Amino acid sequence: MIQYGDTMILFEDGKPKQFITVTQGQTYQNKYGAYHHYTFLVKPGQEILSKNGTGPIYLMTPNPHLITETVPHKTQILFMADISMIILKLCLKPGQHVIESGTGSGSLSCSLAAAVGHKGKLFSYEFNQERAINGKELFAKLKINQATCFWRDVYTNGFLKGDDDQNQGEFPLENSVDAIFLDLPQPWLALDHSKKMIKKGGRICCFSPCIEQVQKTAVDLKQQGWKNLETLECLKRHFERRVKQEQSLFDDVQKKVCTEQNKRITYSAGINQAYGHTGYLTFAQYI
């Protein structure tokens, strides 16, 4: 059952719309009318009607996929095709420790935290102070206790605990991290710091929008002794189910009734539903 204080994902018109924290005495308003928060104290996914008895909405428990679909896009975010490949190629599993540099909107962060589980650790670093604060608030709101967000320039200060007073919390130790993800304009500038943190056999992934960034990163990775270099590009494309009516020469042209006997089901690429190029994923292993 949903309780006061829970942060849920609100579905409206069949689509995830926003995060909403169930608060006693509050009211949610949309085009269908008013919804008192006490009516939200139901099972997740149960239909909730407005005060007027119209416009069903639904509250769903946040999960990595829904979070990616709902989180405000303050920066370019990674979608499920890239996120799935990152988790697969980094070989993430519960209990591991992961470093992420470039928190952004927190879309990938939530998926990484889910992959390592409550016994793992996610150390997320963000150069922009506002986005770092938003990251901390997102983790707190969704009760992702295994994730910590730091405001820091990793090019200069790296990932270890330093003298900066603005960052509180547990920092990773040298040679203690199982995987590293870098979403930085110049990831090669953070490779020296990354090498200090990674365990033997650990993996790194660098996300770069431009092929020139990939080339420079790959050269530096090889020079520093990283092995098994691989660069991938993931593209996502939707296919829609469509029902068409088949007509014979004897059919009445005026009759356009689609029955079980004359319908044909086809699948074709959806219109305006393909995400284009997001970036390149460069993977390597420290052996």
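Thresholds applied
- Residues numbered from 1 in each chain as written.
- Predicted model: local features only at pLDDT ≥ 70, side-chain atom pairs only at ≥ 80, totals over all residues.
- Heavy atoms only, no water.
- UniProt positions renumbered as here; feature names shortened; annotations may be inferred.
- Helix = DSSP H or I, 4+ residues; strand = E, 2+ residues; numbered from the N terminus.
- Buried < 20%, exposed > 50% of the residue type's maximum accessible area, 1.4 Å probe, protein only.
- Salt bridge = Lys/Arg side-chain N within 4 Å of Asp/Glu carboxyl O.
- Axes fitted to C-alpha atoms, helices over the stretch in contact; angles between N-to-C directions.
- Left-handed = near helix turned anticlockwise from the far one by under 90°.
- Contact = heavy atoms within 4.5 Å.
- Nonpolar A, V, L, I, M, F, W, Y, C, P; charged D, E, K, R; others polar.
- Phe/Tyr/Trp six-rings, centres within 6.5 Å; stacked < 30°, edge-to-face > 60°.

With an unreviewed UniProt entry as reference, the chain is termed tRNA (adenine(58)-N(1))-methyltransferase, source organism Paramecium sonneborni. Here the chain is described in UniProt, under the heading Subcellular location (unreviewed entry), as follows: "Nucleus". The chain has a UniProt comment under Sequence similarities (unreviewed entry) that states "Belongs to the class I-like SAM-binding methyltransferase superfamily. TRM61 family."

Caption draft 1: Geometry of unusual backbone geometry. Even without a glycine there, the phi angle at C91 is positive, about 55°. Note that C91 resides in the loop between α2 (80–89) and β6 (97–101). Judged by relative accessible area, which is 38%, C91 ranks as partly exposed. A positive phi angle is found at N175, which is not glycine, with a value near 55°. Along the chain, the position of N175 falls in the loop between α5 (154–157) and β9 (177–182). N175 gets classed as partly exposed once you look at its relative accessible area, which sits at 48%.

Caption draft 2: Quick peek at the pattern of salt bridges. For the structure on display, the rule yields eight salt bridges. Here E12 ties to K17 by a salt bridge, and the two come within 3.5 Å at their closest N and O atoms. Overall, E12 belongs to the buried group, its relative accessible area being 9%. What makes K17 partly exposed here is its relative accessible area of 43%. For the salt bridge of E170 with K121, the shortest nitrogen-to-oxygen distance reads 3.3 Å. One end of the pair, E170, is in the loop between α5 and β9; the other, K121, is in strand β7 (residues 121–126), and 49 residues separate them in sequence. Taking the relative accessible area as the measure of exposure, E170 reaches 41% and is therefore partly exposed.

Caption draft 3: Local environment of the packing of α2 against helix α3 (residues 107–116). At their nearest, the axes of α2 and α3 sit 11 Å apart, and the two run at 35° to each other. Regarding α2 and α3, the two cross each other, and that crossing is right-handed. Of the residues in α3, those in contact with I83, I86 and I87 of α2 are S107, L108, S111, L112 and A115. Class assignment for the residues of the contact of α2 with α3 results in six nonpolar, two polar and no charged.

Caption draft 4: Here's a closer look at the packing of aromatic side chains. Enumeration over the complete set of coordinates arrives at five aromatic pairs. Seen from their ring centres, Y28 and Y35 are 6.0 Å apart, and the 45° between their planes marks the pair as tilted. In terms of burial, Y28 and Y35 fall into one category: buried. One aromatic cluster is present, built from ring pairs that chain together Y125, F150, F159 and F171.

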